[in-house]
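Commentary on secondary and tertiary structure
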Amino acid sequence: MPEPMIEFREVSKRYGDRTAVDRLNLSVDRGGITVFVGPSGCGKTTSLRMVNRMVTPTEGTVLLDGRDVGDGPAPALRRSLGYVMQSAGLLPHRTVADNIATVPRLNGVSRQESRARALELLELVGLPADAASRWPAQLSGGQQQRVGVARALAADPPVLLMDEPFSAVDPLVRHDLQRELLGLQRELGKTILFVTHDIDEAVMLGDRIAVFAQGGRLAQYATPEALLREPADDFVASFIGRDRGFRHLGFFPDAGLETERGESVTAARLEAARPAEWAVVTDDGGHPLGWADPARPGVLVTGGSLHREGDSLRTALDAALSSPSGRGVVVDAAGRLVGTVAPEAVLAAARAASPALAGESPGEA
Ligand SMILES: Nc1ncnc2c1ncn2[C@@H]1O[C@H](COP(=O)(O)OP(=O)(O)OP(=O)(O)O)[C@@H](O)[C@H]1O
């Protein structure tokens, strides 16, 4: 077993008689994303900040790459860890490039080299090169967070600490930032410790998820799938929420899903079409546009999400349930119509994939 990148050993933090973190024992593997999730005030941020010594434990030890973070000077430790906060925390009177170059400059990297690195990082986080000379206030919230990520990566630290980095941006931008973070992690192989109070964000990003409960207690530490399948206690079950069965479908591939070809018509022929049943309407390239309802000839009925082949059963069920016809539309990677799927077929595929959903114990054939 390789040594964990970060290890909490019997770590507690108390403020007066209030326990912020209660005897935390947890190992963070190298590479991948570990998420700390839980309701407000349960010790996620305090735990994260004990890694970079912004907070000192009352008891116990935090190890980074096998070494006690308490040994040696704190500034050197912090420079070896990338840190991204909820507000990007950029210096307002420095350009974007100078903000990104701050830590490399402190580490003695030349001005020219740190600027070149800043430009590379801007591209990596999806910002145009001309953002380099702008002031932070001239960027949107999402762009500022991207700069925050670039700045955290500037000294190429093996570990990134991220404290609710995307919670202040709007949901669409947030989704983009989450996907980009997954891509960055795969590309760079960093160990990322990520704090959020949003279980959906945790499930989307986490290779492993630590659920914290009131009083700074670690309630469960598991993969997202294990967490959704088998919450350790009532607190975890209620925190994960009532949609957990639906979320769990996100871990089932659509391999066994039965789709039906069914009838389809092109938009050009919709006017004349008299389908016997609901039929998918496509453009000339086979991309779905909506449905033809047998009861309303000539009308294009839109609505319903699409299921792309290879996605999970969650998107398949969503497509089926959101469709005006009661059947989900399935498309290929190029967005062309493959067929349709009934909700029953999605449930049958889920049962086939999971003995638990079929009501069998795992030991049964
Ligand atoms: N400097 C401090 N002084 C006193 N109490 C503190 C201090 N920092 C945190 N606490 C308390 O410790 C507990 C844990 O706080 P922490 O910020 O770690 O929670 P959290 O899970 O990150 O919550 P949030 O999502 O709201 O940030 C809370 O009860 C908080 O009030």
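Under an unreviewed UniProt entry, the chain has the name ATP-binding cassette domain-containing protein and belongs to Sinomonas flava. Quoted verbatim from the Sequence similarities (unreviewed entry) field of UniProt, the annotation for the chain is "Belongs to the ABC transporter superfamily."

1. Quick word on the overall build of the chain
Regarding its fold elements, the chain presents 12 helices and 17 strands. Referenced to the eigenvectors of the C-alpha coordinate spread, the extents of the chain come out at roughly 75 × 55 × 35 Å. The buried share of the chain, taken over its 365 residues, is 45%. Restricting the contact set of the chain to residue pairs at least 6 apart, pairs at least 24 apart contribute 59%. Distance between charge centroids for the chain: 7 Å, based on 39 positive and 47 negative side chains.

2. Topic: the site of the ligand
Inspection of the region around the ligand gives Tyr-15, Arg-18, Ala-20, Pro-39, Ser-40, Gly-41, Cys-42, Gly-43, Lys-44, Thr-45, Thr-46 and Glu-164 as its neighbouring residues. The separation between an oxygen atom of the ligand and a polar side-chain atom of Lys-44 is 2.9 Å. Within the side chain of Thr-45, a nitrogen or oxygen atom sits 2.8 Å from an oxygen atom of the ligand. Taken by itself the ligand offers 630 Å² of open surface, and the protein chains cover 62% of this.

3. So, the nonpolar core
Ranked by size, the top nonpolar core spans 47 residues in total, and within it Ile-100, Met-162 and Phe-194 carry the most contacts. With five residues, the top contributor of residues to this core is helix H5 (residues 141-153). Contacts of Phe-194, omitting those with residues within four sequence positions, involve Ile-33, Thr-34, Val-35, Phe-36, Met-162, Pro-165, Phe-166, Leu-181, Glu-201 and Leu-205.

4. Some points on helix H6 (residues 171-188)
Over its 18 residues, H6 extends 25 Å from the first C-alpha to the last, a length consistent with the 26 Å expected when each residue adds 1.5 Å. Positive phi appears at Gly-189, one or two residues downstream of H6, with a value of about 70 degrees.

5. Regarding unusual backbone geometry
Even without a glycine there, the phi angle at Arg-53 is positive, about 65 degrees. Note on placement: Arg-53 falls in the loop between helix H1 (44-51) and strand S4 (59-64). Even without being glycine, Asp-65 reaches a positive phi, approximately 50 degrees. Relative to the assigned elements, Asp-65 resides in the loop between S4 and strand S5 (67-68).

6. With respect to the pairing of strand S13 (residues 288-292)
On any regular strand, side chains alternate: one points to one face of the sheet, the next to the other face. With four of five residues buried, S13 is to be regarded as a mostly interior element. In this sheet, S13 lies alongside strand S12 (residues 279-282) in antiparallel orientation, the contact comprising four bridges. Note on S13: the bridge partner recorded for Thr-282 is Pro-288. As consecutive antiparallel partners, S12 and S13 are separated by five residues, and within that stretch Gly-286 has a phi angle of approximately 85 degrees, a positive value.

7. Details of the pattern of salt bridges
Two side chains bearing opposite charge may form a pair once their charged atoms approach each other closely. The final tally for this structure, using the stated rule, is 18 salt bridges. Measuring nitrogen to oxygen at the nearest pair gives 2.9 Å for the salt bridge that ties Asp-176 to Arg-179. With Asp-176 and Arg-179 both in helix H6, this residue pair falls three residues apart, about one helical turn. Residue class for Asp-176 comes out partly exposed when judged on its relative accessible area of 31%. Among the charged side chains, a salt-bridge network with shared partners connects Arg-174, Asp-198 and Glu-201.

8. Notes on H1
The element H1 is extensively covered by neighbouring structure, given that six of its eight residues are classed as buried. Looking at the residues trailing H1, positive phi occurs at Arg-53, about 65 degrees.

9. Describing the UniProt feature "domain: ABC transporter" (unreviewed entry) in the chain
If you check UniProt for "domain: ABC transporter" (unreviewed entry), the listed places come out as residues 6-240 in our numbering. Strand forms 26% of residues 6-240 and helix 38%; the C-alpha atoms that close the span are 25 Å apart.

10. Quick notes on the packing of H5 against H6
Running from amino to carboxyl end, H5 crosses H6 at an angle of 20 degrees, the nearest separation of the two axes being 11 Å. Of the possible angle classes, the one that applies to H5 and H6 is roughly parallel. The two elements H5 and H6 meet at a crossing, and its hand is right-handed. In this structure, H5 uses Gly-142, Gln-145, Arg-146, Val-149 and Leu-153 to contact H6, whose residues at the interface are Val-173, Asp-176, Leu-177, Glu-180, Leu-184 and Leu-188. The residue makeup of the contact of H5 with H6, split by class, is six nonpolar, two polar and three charged.

11. Focus on the packing of aromatic side chains
How two aromatic rings sit relative to each other is given by the distance of their centres and the angle of their planes. Tallied over the full model, the rule gives five aromatic pairs. When the centroid spacing of 5.0 Å and the interplanar angle of 55 degrees are considered together, the rings of Phe-36 and Phe-212 count as tilted. Of the two residues, Phe-36 sits in strand S3 (residues 32-37) while Phe-212 sits in strand S9 (residues 208-213), which places them 176 residues apart along the sequence. Taken as a pair, Phe-36 and Phe-212 share a single burial class, namely buried.

12. What to know about the pairing of S3
Within S3, six of the six residues are buried, which leaves it mostly tucked inside the rest of the structure. Burial along S3 is two-sided: Gly-32, Thr-34 and Phe-36 facing one way and Ile-33, Val-35 and Val-37 facing the other are all buried. Where S3 and S9 come together, four bridges link them in parallel fashion. Each bridged residue has a counterpart across the sheet, and for Val-35 the counterpart in S9 is Ile-209.

The rules we used
- Residues numbered from 1 in each chain as written.
- Predicted model: local features only at pLDDT ≥ 70, side-chain atom pairs only at ≥ 80, totals over all residues.
- Heavy atoms only, no water.
- UniProt positions renumbered as here; feature names shortened; annotations may be inferred.
- Helix = DSSP H or I, 4+ residues; strand = E, 2+ residues; numbered from the N terminus.
- Buried < 20%, exposed > 50% of the residue type's maximum accessible area, 1.4 Å probe, protein only.
- Contact = heavy atoms within 4.5 Å.
- Lys, Arg positive; Asp, Glu negative; His and termini not counted.
- Charge placed at Lys NZ, Arg CZ, Asp CG, Glu CD.
- Near = heavy atom within 4 Å.
- Polar contact = N/O pair within 3.5 Å; in protein donor to acceptor, adjacent residues only side chain to side chain.
- Areas by Shrake-Rupley, 256 points an atom, 1.4 Å probe, with all protein chains shown as cover.
- Core = buried A, V, L, I, M, F, W, Y, C linked by side-chain atoms within 4.5 Å.
- Expected span 1.5 Å × (residues − 1).
- Pairing = 2+ DSSP bridges.
- Salt bridge = Lys/Arg side-chain N within 4 Å of Asp/Glu carboxyl O.
- Axes fitted to C-alpha atoms, helices over the stretch in contact; angles between N-to-C directions.
- Parallel < 35°, antiparallel > 145°, perpendicular 65-115°, else oblique.
- Left-handed = near helix turned anticlockwise from the far one by under 90°.
- Nonpolar A, V, L, I, M, F, W, Y, C, P; charged D, E, K, R; others polar.
- Phe/Tyr/Trp six-rings, centres within 6.5 Å; stacked < 30°, edge-to-face > 60°.

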